[in-house]
Amino acid sequence: MPDAIEIACAHSPDSDDAYMFYGLATRKIRSGLVQFRHVLDDIQTLNQKARAGEYELTAISYHAYPWVAARYALMAAGSSIGDGYGPMVVATHPMAPEELKGKRIAIPGKLTTAYLTLRLMQPDFEAVETPFDRILDAVREGGADAGLIIHEAQLTYRKSGFHNVVDLGRWWKDTYQLPLPLGANVLRRDLSPALAGECCRLMRESIQYALDHREEALAYAMQFARDMETPLAEKFVGMYVNHYTVDCGELVPKAAQKLLDMGHEAGLIPHRVSVEFVR
């Protein structure tokens, strides 16, 4: 029997990603055809590397898809979806959402879905690109008037003395009655159909394994939970690893298409793209 083919599998060092990849990282889920080499990096870096086609399987922001669609197809398994919640804009004092107009806002990268959604809600602001884990510091130190937060900061910002200005996932849901597609896994188009199919199976089964073995998967994910106690980490993981993550179904592609079409119409995405998912 031939050796398994090694494939780079790149994702963020976050508790929700660690949770969904638990079955694969610990080899509870395995394959005779494919072996994953896990690469950890922040999402903005992964978005940029996907533009160069660096990894066979990688996490990206949905906003980045138009820039990588020629090289990659979206995977039906592995999406992070905010269903009535998502990235937030926070400030050191109470502010109304309309007060964000013209302000300097620290953002975690211009290819993040958080940035795209904020631009759709409020087109007029000055973006200050900041590493995601430095955004609260940048606002506190006066480098920005407000901060666009992703990852665990969505649950811990109050502990740091910040106020919620707007939850973009809530805004999107209230405005369009759709969940907000934030992150996706993509698969390079030059993989053979057999390899692509096996990668999709492994991804789906790893997520399902974590959901079926919640306690042990959460214990593994805790090593990636920045500044969070177990109950908060469990809440965060539950927000972003759910039935949409196992399979995007019909609603997520619809929501992703709307988001990217609106981005194109607003001049934020240079060309129209059709979302395409593989299973």
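The structure presented is a predicted model; accordingly, all values stated were derived computationally and were not measured.

## Brief notes about the overall build of the chain
At step 1: The secondary structure content of the chain amounts to 13 helices and twelve strands.
At step 2: A globule of 279 residues ought to have a C-alpha radius of gyration of about 19 Å, and the chain, at 18 Å, matches this closely.
At step 3: With the C-alpha coordinates of the chain rotated into their principal frame, the extents come out at 65 × 45 × 30 Å.
At step 4: Pairs at least 24 apart in sequence give 77% of the contacts found in the chain among residues at least 6 apart.

## Some remarks on the sheet that holds strand β7 (residues 104–107)
At step 1: One open sheet accounts for five strands, arranged β8-β7-β9-β6-β10; its pairing is mixed. Both edges of this open sheet fall to β8 (126–129) and β10 (163–167), since each of them pairs with a single strand only. Averaged over neighbouring strand pairs, the angle between their axes works out to 30° when direction is ignored.
At step 2: Inspection of the sheet shows strand β6 (residues 88–91) paired to strand β9 (residues 146–149) by three bridges, in the antiparallel sense. When the bridges of β9 are listed, M88 appears paired with I149.

## Some details on the packing of helix α5 (residues 113–121) against helix α8 (residues 168–176)
Geometry of a packed helix pair, given as the angle between the helix axes and the separation of the axes.
At step 1: It is at 10 Å that the axes of α5 and α8 come closest, and there the two elements cross at 55°. Considered as vectors, α5 and α8 are oriented oblique to each other. Regarding α5 and α8, the two cross each other, and that crossing is left-handed. Contacts from A114, T117, L118, L120 and M121 of α5 reach α8 at L168, W171 and W172.

## Describing empty space enclosed by the protein
At step 1: Taken as a whole and assessed by the stated rule, the structure comprises one cavity of 30 Å³ or more.
At step 2: Taken as a whole, the largest cavity encloses approximately 340 Å³ of empty space.
At step 3: I43, S80, H151, L182 and G183 are, among the 24 residues lining the largest cavity, the residues nearest its centre.
At step 4: Among the secondary structure elements, those contributing two or more residues to the lining of the largest cavity are α1 (15–20), β3 (57–61), α5, β11 (180–188) and α11 (230–240).
At step 5: In terms of residue count, the dominant contributor to the lining of the largest cavity is β11 (four residues).
At step 6: Classifying every residue of the lining of the largest cavity by side-chain character gives eleven nonpolar, ten polar and three charged.

## Focus: the pattern of salt bridges
At step 1: What the rule picks out here adds up to 16 salt bridges.
At step 2: Here R201 makes a salt bridge to E198, at a shortest N to O gap of 2.9 Å. Of the two residues, R201 and E198 both sit in helix α9 (residues 193–212), three residues apart, roughly one turn of that helix.
At step 3: In this structure R201 comes out as partly exposed when scored by relative accessible area, which is 23%.

## Quick notes on the state of the cysteines
At step 1: Counted under the stated rule, the structure contains zero disulfides.
At step 2: The thiol sulfur of C9 is not disulfide-bonded, and the nearest other cysteine sulfur, from C199, lies at 8.1 Å.
At step 3: No disulfide involves C248; its sulfur sits 10 Å from that of C200, the nearest cysteine.

## Looking at the environment of S61
At step 1: Inspection of the secondary structure puts S61 in strand β3.
At step 2: Considering only alpha carbons, one finds S61 and K254, 193 residues apart in sequence, at a separation of 16 Å.
At step 3: Setting aside chain neighbours within four positions, we find S61 in contact with I43, N47, L111, T112, T113, L182 and G183.

## Overview of α8
At step 1: For α8, the complete set of buried residues consists of L168, G169, W171 and W172. Here the buried residues of α8 occupy an arc of 160° about the axis, which is enough to place them on one side.
At step 2: The inward-facing, buried residues of α8 abut α5, β9, β10, β11 and α13 (251–265).
At step 3: The opening residue of α8 is D167, an N-cap whose side-chain oxygen sits 2.9 Å from the backbone nitrogen of G169.

## With respect to the side chain of D14
At step 1: Note on placement: D14 falls in the loop between β1 (5–11) and α1.
At step 2: Excluding residues within four positions of it along the chain, D14 makes contact with H151, E152, F224 and R226.

## Concerning the layout of surface pockets
At step 1: Of the pockets and cavities examined, the largest pocket occupies roughly 300 Å³.
At step 2: What lines the largest pocket is a set of 15 residues, and nearest its centre among them are D133, L136, A153, T156 and D227.
At step 3: Secondary structure elements with two or more residues in the lining of the largest pocket: α6 (135–140) and α7 (153–156).
At step 4: Sorting elements by how many residues they give to the lining of the largest pocket places α6 first, with four residues.

What counts and how
- Residues numbered from 1 in each chain as written.
- Predicted model: local features only at pLDDT ≥ 70, side-chain atom pairs only at ≥ 80, totals over all residues.
- Heavy atoms only, no water.
- Helix = DSSP H or I, 4+ residues; strand = E, 2+ residues; numbered from the N terminus.
- Rg over C-alpha atoms; globule rule 2.2 N^0.38 Å.
- Contact = heavy atoms within 4.5 Å.
- Pairing = 2+ DSSP bridges.
- Axes fitted to C-alpha atoms, helices over the stretch in contact; angles between N-to-C directions.
- Parallel < 35°, antiparallel > 145°, perpendicular 65-115°, else oblique.
- Left-handed = near helix turned anticlockwise from the far one by under 90°.
- 1 Å grid on protein atoms, 1.4 Å probe; cavity = no way out; pocket = protein on both sides within 12 Å on 5 of 7 lines; lining within 4 Å.
- Points joined across faces, edges and corners; volume = space filled by probe spheres on them.
- Nonpolar A, V, L, I, M, F, W, Y, C, P; charged D, E, K, R; others polar.
- Salt bridge = Lys/Arg side-chain N within 4 Å of Asp/Glu carboxyl O.
- Buried < 20%, exposed > 50% of the residue type's maximum accessible area, 1.4 Å probe, protein only.
- Disulfide = S-S within 2.5 Å.
- Arc of directions from axis to C-beta.
- Polar contact = N/O pair within 3.5 Å; in protein donor to acceptor, adjacent residues only side chain to side chain.

Treat this as a map of the structure, not an account of what it does.
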